[in-house]
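If you want the building blocks of each chain, they are given just below.
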Amino acid sequence: GDVIFGTTDSFVLWHLSNGKLHITDPSTASRTLLFNINIMDWDQNLLDAFQVPKCMLPTVKPSAGYVGDIELTPGNMFSLHGL
């Protein structure tokens, strides 16, 4: 579909990457109450209970390390390391 769900950081990164990055980190994902910190993934039982398709949620990446590239100005790419 055309609808995605995310956190504040995923919203900002989505726009800075021109729609290429739909990501968040584990601590922010856990604030949605749909993320299971014990298995470090979206909780399928909760997704089913709230009828939230996993495909509309951001990919969870570690808080540190390379996560992708953003374009600060046209043609000026910046590698993003950390959330």
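In the block above lies the structure referred to throughout.
Residues numbered from 1 in each chain as written. Predicted model: local features only at pLDDT ≥ 70, side-chain atom pairs only at ≥ 80, totals over all residues. Heavy atoms only, no water.

Caption draft 1: The overall build of the chain, seen in detail. The helix and strand inventory of the chain stands at three helices and six strands. Tracing the chain from N to C terminus, the helices and strands come up as α-β-α-β-β-α-β-β-β. Counting every position in the chain, which comprises 83 residues, the buried fraction comes to 33%. Within the chain, counting contacts between residues at least 6 apart in sequence, those at least 24 apart form 39% of the total. (Helix = DSSP H or I, 4+ residues; strand = E, 2+ residues; numbered from the N terminus. Buried < 20%, exposed > 50% of the residue type's maximum accessible area, 1.4 Å probe, protein only. Contact = heavy atoms within 4.5 Å.)

Caption draft 2: Structural view of the packing of aromatic side chains. The full count for this structure, using the stated rule, is one aromatic pair. Seen from their ring centres, Phe-35 and Trp-42 are 5.4 Å apart, and the 80° between their planes marks the pair as edge-to-face. Looking at Phe-35, the relative accessible area reads 7%, which means it is buried. Looking at Trp-42, the relative accessible area reads 5%, which means it is buried. (Phe/Tyr/Trp six-rings, centres within 6.5 Å; stacked < 30°, edge-to-face > 60°.)

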